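Structural description and commentary
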Amino acid sequence: MTLSNGLGGEWDWLALAAVGSPDTSNVQWIYVGAGVTTRTWTVTLTAPGSYEFRLFLNDGYTRAATSPTVTAVP
């Protein structure tokens, strides 16, 4: 996935999560980086299902953005 026009916060982070799961639940995550507004992240999904990428602010669970659904098939 590629984050475009991010906010560049030092502790902003991206999560890959199952659709409908709580914000405190994720499959994988990564910090975006201080001053970074565009970030590419490649993930490998090992379980079939519906997922979404989420952008959270300041090392917390304030969700700033959510991607469209990504479907992994077996």
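For the structure itself, consult the block above.
Residues numbered from 1 in each chain as written. Predicted model: local features only at pLDDT ≥ 70, side-chain atom pairs only at ≥ 80, totals over all residues. Heavy atoms only, no water.

Considerations on the overall build of the protein
Filter applied, for reference: Each helix corresponds to a stretch of at least 4 residues labelled H or I by DSSP, and each strand to a stretch of at least 2 residues labelled E; elements are numbered beginning at the N terminus. Here the globule rule reads 2.2 Å times residues to the power 0.38, and the radius of gyration is calculated from C-alpha atoms. Any pair of residues with heavy atoms lying within 4.5 Å of one another is described as a contacting pair.
Across its full length, the protein holds zero helices and seven strands. In the protein, the succession of α and β elements from N to C terminus is β-β-β-β-β-β-β. By the compact-globule yardstick of 11 Å for 74 residues, the protein fits well, its C-alpha radius of gyration being 12 Å. Each principal axis of the C-alpha distribution contributes one length, and for the protein these read about 35 × 20 × 15 Å. Taking as baseline every contact in the protein between residues at least 6 positions apart, the subset at least 24 positions apart corresponds to 56%.

Notes on the nonpolar core
Where we set the bar: By convention a nonpolar core is built from buried Ala, Val, Leu, Ile, Met, Phe, Trp, Tyr and Cys residues, the set being connected through side-chain atoms within 4.5 Å. In this scheme, a residue with accessible area under 20% of its type's maximum is buried, one over 50% is exposed, and one in between is partly exposed, where area comes from a 1.4 Å probe on protein chains only.
With nine residues, the main nonpolar core is built from Leu 3, Leu 14, Leu 16, Val 32, Trp 41, Tyr 51, Phe 53, Leu 55 and Ala 72. When residues of this core are assigned to their parent elements, the largest contribution, three residues, is made by strand β5 (residues 49–57). With near-sequence residues (within four places) excluded, Leu 3 lies in contact with Leu 14, Val 32, Thr 37, Thr 38, Arg 39 and Leu 55.

A look at unusual backbone geometry
Even without glycine at this site, Asn 5 takes up a positive phi of about 60°. Inspection of the secondary structure puts Asn 5 in the loop between β1 (2–3) and β2 (13–18). Judged by relative accessible area, which is 70%, Asn 5 ranks as exposed. With a phi angle near 60°, Asp 59 is a residue other than glycine that sits in the positive phi range. Summarising the element assignment, Asp 59 is placed in the loop between β5 and β6 (62–66).

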